[in-house]
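# Structure assessment
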Amino acid sequence: MRGTTALPDSPCTASRRGEPPVHRLEMRLPDDVPFAAGSFDGIGPMSRAAFPHRHTFYEIVHVTHGTGTHVVDLDRWELRPPQLGLILPGQLHHWEDVHGLDGSVVLFTPEFLLDHPGDQELLRRIGERPWLRLDPAAHARTGRLIAELREEYGHGDPGFATVLRSLLHVLLVRTARLRGPDRPAAPAAAPPGRAAAVAEEFARLLARTGRDGGADLPRSVRDCARRIGVTPGYLTEAVRAALGRTPAGLLREARTQEAQRLLARTELTVRQIAARTGFDDPAYFCRFFRRETGMSPGDFRKHHDHRAASIEAGPART
């Protein structure tokens, strides 16, 4: 993938056998920013890849023309431009039966967001409804913003990284507004700095699954705490204060989601998927999966094959 956290022509970390490839964001120079923006053609053929793959970076797509389907994890979005979509690091996605695809692509790593740490939360919220149909006004505003990002990135003038981060922040804020009024209530008080940092590291730990060659999920909250370097009790307090959730619940959701991805988009065996999601005993994994989804792994795989119907996103308005 053009534009990455690796220099051009450096080898990608090989995915484990049976797993989809992992694409990184290629940087043009050793001191370049982990960001890229351009047309589908300008970014390169991987921007419209027709096979399931993951990214180590975020991808925003502004589709202005084309027909076909965009598949992200278990969802299938029918192309009816103008539309705006987000692919999160670690998600499995590909383009299917696409013709005449045109528009813009914006790529950036989590590390690029250092000027606006709150953008991580915006991206999480956008990711809950990642494919939006744009009305004419929203389409025009989005197009202007992305055009500025492309121009700033293409020129590379002094201070361009700061400008890119500011423009990206505006794009994320406005995209979050398009989701409608279902904004979560703000927490009563911000957690202390150390607790917030621990919660952020926990979120990164879960998001790292499937990236950089396919890291396995942690097996327990104790395992997460050990990797971060805190006690399980402190991790629970920090995550609850920062996110309003327990690490046990978030870990359970992450394991279920990763199992669903691998069942739907790979030919890995149930035993292999159990190991990838932190289970030594495939039978226990099957019980866990049935409890979380209401289906056995085998039934889930049959139900979520490539013939599933596409989803048409409704229009989004500001």
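### Section: helix H2 (residues 119–128)
- If you check which residues of H2 are buried, you get Asp 119, Leu 122, Leu 123, Arg 125, Ile 126 and Gly 127.
- Contacts made by the buried residues of H2 are with strand S4 (58–72), strand S6 (83–87), strand S7 (93–108) and helix H4 (160–178).

### A word on the nonpolar core
- Counting residues in each nonpolar core, the largest one holds 47 residues, and the members touching the most others are Phe 35, Ile 60, Val 106, Phe 108 and Leu 168.
- Among the elements that line this core, the one with the most residues is H4, at 9 residues.
- Non-local contacts of Phe 35, meaning those with residues more than four positions away in its chain, are made with Leu 25, Val 106, Leu 107, Phe 108, Phe 112, Leu 149, Tyr 153 and Leu 164.
- Counting 18 residues, the second-largest nonpolar core is a separate cluster that includes Ala 195, Leu 205, Ala 238 and Leu 250.

### Brief notes about empty space enclosed by the protein
- The space that makes up the largest cavity amounts to roughly 60 Å³.
- Around the largest cavity, the lining residues are Ile 60, Leu 84, Gly 85, Leu 86, Leu 123, Ile 126, Arg 129, Pro 130, Leu 132, Leu 172 and Thr 175.
- Looking at the lining of the largest cavity, the elements that each hand over two or more residues are S6, H2 and H4.
- Tallying contributions element by element places S6 first for the lining of the largest cavity, with 3 residues.
- In the lining of the largest cavity, the residues fall into 8 nonpolar, 2 polar and 1 charged.

### Describing the pattern of salt bridges
- Throughout the structure, instances matching the rule amount to 13 salt bridges.
- Measuring nitrogen to oxygen at the nearest pair gives 2.3 Å for the salt bridge that ties Glu 96 to Arg 76. Placement of the pair is Glu 96 in strand S7 and Arg 76 in strand S5 (residues 75–78), with a sequence separation of 20 residues. Taken individually, Glu 96 and Arg 76 each receive the classification buried, so the pair is uniform in this respect.
- Salt-bridge contacts for Arg 261 lead to Glu 258; the nearest nitrogen and oxygen are separated by 3.3 Å.

### Section: the environment of Asp 97
- Among the structural elements, Asp 97 can be located in strand S7.
- A C-alpha to C-alpha distance of 7.8 Å links Asp 97 and Thr 67, two positions 30 residues apart in sequence.
- The residues contacting Asp 97, other than those within four sequence positions of it, are Thr 67 and Gly 68.

### What to know about the packing of aromatic side chains
- Summed over the entire model, instances satisfying the criterion amount to 10 aromatic pairs.
- Between the aromatic rings of Phe 35 and Phe 112, the centroid separation amounts to 5.1 Å while the plane-to-plane angle is 35°, which identifies the pairing as tilted. A residue pair is termed long-range when its members are at least 10 positions apart, and Phe 35 in strand S2 (residues 35–39) and Phe 112 in the loop between S7 and H2 qualify at 77 residues. Like Phe 112, Phe 35 is buried.
- Where Phe 279 meets Phe 288, the ring centres are 4.9 Å apart and the plane angle is 45°; that geometry is what we call tilted. Of the two residues examined, Phe 279 and Phe 288, each falls in the buried class.
- One aromatic cluster is present, built from ring pairs that chain together Phe 279, Tyr 284, Phe 285, Phe 288, Phe 289 and Phe 300.
- Sitting over the ring of Phe 279, Arg 255 keeps its end group 4.0 Å from the ring centre.
- Here the basic side chain of Arg 255 rests over the ring of Phe 288, its NZ or CZ set 5.9 Å away from the ring centre.

Conventions adopted
Residues numbered from 1 in each chain as written. Predicted model: local features only at pLDDT ≥ 70, side-chain atom pairs only at ≥ 80, totals over all residues. Heavy atoms only, no water. Buried < 20%, exposed > 50% of the residue type's maximum accessible area, 1.4 Å probe, protein only. Helix = DSSP H or I, 4+ residues; strand = E, 2+ residues; numbered from the N terminus. Contact = heavy atoms within 4.5 Å. Core = buried A, V, L, I, M, F, W, Y, C linked by side-chain atoms within 4.5 Å. 1 Å grid on protein atoms, 1.4 Å probe; cavity = no way out; pocket = protein on both sides within 12 Å on 5 of 7 lines; lining within 4 Å. Points joined across faces, edges and corners; volume = space filled by probe spheres on them. Nonpolar A, V, L, I, M, F, W, Y, C, P; charged D, E, K, R; others polar. Salt bridge = Lys/Arg side-chain N within 4 Å of Asp/Glu carboxyl O. Phe/Tyr/Trp six-rings, centres within 6.5 Å; stacked < 30°, edge-to-face > 60°. Lys NZ or Arg CZ within 6 Å of the ring centre and 35° of its normal.

None of the figures reported here should be taken as evidence of function without further support.
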